[in-house]
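The chain contents come next:
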Amino acid sequence: MSLPRCKHGSRTQADHTYSLHWLPLTAGYGKPPWFNFRLSVTSLRSLSKGKVVSFLMGLTLMFLIMASHIVTWDKKGPFLTPPPYQPVRPVAVPNSTVAAEELSENALTNMKLLVKIIGSKLEYKPRKVPEEKDVIGTNSHLFSVIPRQYLPGIKSPCWYEEFSGELGTDPYKGNHYALRSKSFKAVCDLVRAGFHKHLHPRGGKRFRLRCLPFFYIVGQPKCGTTDLFYRLLLHPEVKFNTIKEPHWWTRKRFGYIRFKDGYQENFPVEDYLDLFDLAAHNIEEGISGNSAGDHRALVTGEASASTMWDNQAWSYLHKDREEPEPPFLTQDAIHAVQPNAKIIIMLRDPVERLYSDYLYFKMANKSTEDFHQKVVESVQLFQSCLSERSLRSCAYNTSLSNAMPVRLNLGMYVVFLLDWLAVFRSEQILVLRLEDYAANLQMTINKVFDFLALSKASDIPPAGPLSEQREAALYQRPKSNTRRRADRNLGHMLPATSELLRVFHQPFNHKLASVLDNKDFNWSNT
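Cut-offs and rules
Residues numbered from 1 in each chain as written. Predicted model: local features only at pLDDT ≥ 70, side-chain atom pairs only at ≥ 80, totals over all residues. Heavy atoms only, no water. Helix = DSSP H or I, 4+ residues; strand = E, 2+ residues; numbered from the N terminus. Polar contact = N/O pair within 3.5 Å; in protein donor to acceptor, adjacent residues only side chain to side chain. Contact = heavy atoms within 4.5 Å. Disulfide = S-S within 2.5 Å. Buried < 20%, exposed > 50% of the residue type's maximum accessible area, 1.4 Å probe, protein only. Salt bridge = Lys/Arg side-chain N within 4 Å of Asp/Glu carboxyl O. Core = buried A, V, L, I, M, F, W, Y, C linked by side-chain atoms within 4.5 Å. Pairing = 2+ DSSP bridges. Expected span 1.5 Å × (residues − 1). Phe/Tyr/Trp six-rings, centres within 6.5 Å; stacked < 30°, edge-to-face > 60°.

Tracing the backbone through its elements, the reader meets Ser-181 in the loop between helix H7 (176-180) and helix H8 (182-193). Separated by 61 residues in the primary sequence, Ser-181 and Thr-242 place their C-alpha atoms 9.5 Å from one another. A polar atom in the side chain of Ser-181 sits 3.0 Å from the side chain of Ser-183.

Its place among the elements puts Thr-444 in helix H20 (residues 441-452). In this structure the side chain of Thr-444 is engaged in a polar contact, spanning 3.3 Å, whose partner is the backbone oxygen of Asp-436. Excluding residues that lie within four positions of it along the chain, Thr-444 makes contacts with Leu-432, Asp-436 and Tyr-437.

Attention now goes to the state of the cysteines. As enumerated under the stated definition, the model contains two disulfides in all. Covalent S-S linkage joins Cys-385 and Cys-394, the inter-sulfur distance amounting to 2.2 Å. The chirality of the disulfide connecting Cys-385 with Cys-394 is left-handed, given an S-S dihedral of about -100°. Accessibility classification places Cys-385 together with Cys-394 in one group, the buried group. Taking only the cysteines that form disulfides and numbering them from first to last, the protein has the pattern 1-2, 3-4.

Looking now at the pattern of salt bridges. Counted according to the given criterion, the structure contains 27 salt bridges. Two residues, Asp-170 and Arg-192, come together in a salt bridge whose shortest N-O distance is 2.7 Å. Here Arg-192 lies in helix H8 and Asp-170 lies in the loop between strand E1 (158-162) and H7, a separation of 22 residues in the sequence. The exposure class assigned to Arg-192 is partly exposed, which follows from its relative accessible area of 27%. The salt bridge involving Asp-189 is made with Lys-185; its shortest N-O contact spans 3.5 Å. In this pair, Asp-189 and Lys-185 both sit in helix H8, four residues apart, roughly one turn of the helix. Note on Lys-185: relative accessible area 44%, which makes it partly exposed. In this structure, a network of salt bridges that share partners links the residues Glu-161, Arg-208, Arg-210, Asp-274 and Asp-277.

On to the nonpolar core, then. Considering soluble globular proteins, one finds that nonpolar side chains tend to be buried as a cluster. Ranked by size, the top nonpolar core spans 121 residues in total, and within it Phe-215, Phe-382, Phe-504 and Phe-508 carry the most contacts. Ranked by size, the runner-up nonpolar core spans nine residues in total, among them Tyr-160, Cys-211, Ala-280 and Leu-298.

Our next topic: the pairing of strand E6 (residues 342-347). In the case of a regular strand, side chains alternate between the two sheet surfaces. Counting buried residues along E6, five of its six residues qualify, which places the element largely inside the surrounding structure. Where strand E4 (residues 215-219) and E6 come together, four bridges link them in parallel fashion. Note that in E6 the partner of Gly-219 across the bridge is Ile-345. In terms of strand pairing, E6 meets strand E7 (residues 429-433) through five bridges, oriented parallel. Counterpart to Leu-347 in the pairing with E7 is Arg-433.

Once that is clear, we can look at the pairing of E7. Along E7, five of the five residues are buried, which leaves the element largely enclosed by surrounding structure. Every second residue of E7 is oriented toward a common face, with Ile-429, Val-431 and Arg-433 on one face and Leu-430 and Leu-432 on the other, all of them buried.

What follows covers H20. The end-to-end C-alpha separation of H20 is 17 Å, in line with the 16 Å expected for 12 residues at 1.5 Å each. For H20, the complete set of buried residues consists of Leu-441, Thr-444, Ile-445, Asn-446, Val-448, Phe-449, Phe-451 and Leu-452. On its buried face, H20 sits against E4, helix H9 (225-232), E6, E7, helix H19 (434-439) and helix H21 (468-476). At the C-terminal side of H20, Ala-453 shows a positive phi close to 55°.

For the rest of this paragraph, the subject is the packing of aromatic side chains. The final tally for this structure, using the stated rule, is 23 aromatic pairs. For the pair Tyr-256 and Phe-259, a centre-to-centre distance of 5.2 Å together with 40° between the ring planes defines the contact as tilted. There is no split in this pair, since Tyr-256 and Phe-259 are both buried. Both rings, one in Tyr-360 and one in Phe-361, keep their centres 5.4 Å apart while their planes meet at 80°; by these two values the pair is edge-to-face. Judged by relative accessible area, which is 39%, Tyr-360 ranks as partly exposed. Given the relative accessible area of 37%, Phe-361 is considered partly exposed.

Just geometry here; none of it tells us what the structure is for.
Put into structure tokens, the structure is as follows:
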């Protein structure tokens, strides 16, 4: 759906003194490991001689065990010091469906308290968007390469850039994407063969056409973005880059491919622009009149599902700064270079999204009980963060995200959406539900066509090259990125897990439905 005017609250965040540690925890959670020992020593005098002897023997055994741990410690951190937001002792893993359900019964008893706190903390002031000059200052090279204005009369954001290389120069030599992707290397080989005939001579110099994506499918993961990407690719007016998820805006421009692998090397903006050269060549042919049809109407796009939510790079690049929230977001940079970009967001029931996310990643010993345990631990970690920080800070917190065994924060859709609405106009953002996409593919795809101003076979008179046959092929294309057989065999998550997650996400969904003015985003009938 296209967005109405944003209706998020403007009240300041209130302080709360509720006790957040209601989830099943072992005794002594939140206290130093020597706390109970100190109490025991204080009360020694009241014990009988036999009990004192027993106590001392037990104490000796405890020190022997501690000594063995110290000897075998792998020195990843101080002894008995947990990582950020990590409980001192984990909850026991339920080894049966019954145990998991009993665990959740205890959790749900006090879940209403956490939901109340989340609901109150969702009413916060909109983010203060940084000034454009400050955004430009974060990457001066990026803004020196991309101009402030684009060619008129062309739908895609394109411009001519001087090509200073010799005619025999390989324009894609050293492209970081080509070095890591066989499919893009093949595209580079194809484009390289006819590259120089697409150069535009002017004033004794040669220029190449450069283009940015006309639209961005920004998220969320496991919400159907891959399927939508490949169906749109079948539209004759859409010319994509070869790589569906470049992850340039969120990771690679900062030098990260996977954050767990640490810094590697920066992918310059020129490498990112190369991804759209195939589309640029098609558009250039339309400009020069060397091909049939109006290629000025061609568009390109990309579908990195990290774009909506992933701003972890700031915490790795500025470890010395203690800001609780990222000062600059991905959308700040995109808006600075492309204020009229079209943004497509695909969402699904966050309960189902999380389970699909869990199944997607390859790991040993996957089970519904293991998923339940990971959900409980993640909610624990989130509530611990919420006792110290704002809700928005917890949604973006990198330490918390790394500590949670499942990506619970990715389902807090409204937190991320409000930040996009603070930068882009509501009419530039299309929000879709995967449930609607699955139930009525044609209707949902037509919404996307209208949003991107693409032609449809039903247009009267015909507005473009999309024939009924090509449109039918688009709808009949097999689904992309379906669940693996082994994962399907696990079946659905435990009812207790589903109920726990549904209650947890309720305030986020309610706020989202209010912002979008569409009750379907409550997912109450899922």
